[in-house]
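# Geometric and topological summary
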Amino acid sequence: MTDAAGHRDTRALIVGGTQGLGLAIARRLAAGGCTRLVLSGRDPDRGAAAAVEVGGAFLPVDIENTGAVIALVDAAAEAMGGAEAILAATTLTVDGSGTSHRLGQNRSPDSELPTSEVQ
């Protein structure tokens, strides 16, 4: 595993950084000295708590809104003076019809997840 100690000057945005894998990545970067860190997610309370924990900032976003995601990246880059890393740790998938799904939502354990063709 790569040591995170080399991230002192890294400016990172973690989309979906308020829990699970995204928060684990944020913790690892913070432990390695990353002090310019923006987390995003849907829940403002969870986001604020996660940002305090890792010494970063929180910006809310609905990842189903493309314009909101673009605005998030712009706002995070502005707040940090740029960004070397943009990480996505979200649970949104899009099926071939363009319909979005949150993994596990309205699905039985035996149902197949949506897939889309890569073009």
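Refer to the structure above for everything that follows.
For the structure given in this document, a descriptive report is provided here. Computed from a predicted structure; not experimentally measured. (Residues numbered from 1 in each chain as written. Predicted model: local features only at pLDDT ≥ 70, side-chain atom pairs only at ≥ 80, totals over all residues. Heavy atoms only, no water.)

### Details of helix α1 (residues 20–31)
Convention followed: The helix and strand labels rest on DSSP assignments: H or I over at least four residues marks a helix, E over at least two residues marks a strand, and numbering proceeds from the N terminus. One less than the number of residues in a helix, times 1.5 Å, gives the span that helix is expected to have. Residue exposure (1.4 Å probe, protein chains only): buried if accessible area is under 20% of the type maximum, exposed if over 50%, otherwise partly exposed. Here the arc refers to the set of directions running from the helix axis out to each C-beta atom. Working rule for contacts: check all heavy atoms of both residues, and any pair within 4.5 Å makes them a contact.
Here α1 contains 12 residues, and its C-alpha end-to-end distance of 17 Å stays within 8% of the 16 Å for a straight helix at 1.5 Å per residue. Considered for burial, the residues of α1 that qualify are Gly 22, Leu 23, Ala 26 and Leu 29. Projected onto a plane normal to the axis of α1, the buried residues spread over an arc of 120° and lie on a single side. Residues Gly 20, Leu 21 and Ala 31 are exposed on α1 and point more than 90 degrees away from its buried face. The inward-facing, buried residues of α1 abut β1 (11–15), β2 (36–41), α2 (44–54) and β4 (85–88). Immediately beyond the C-terminal end of α1, within one or two residues, lies Gly 33, with a positive phi of roughly 100°.

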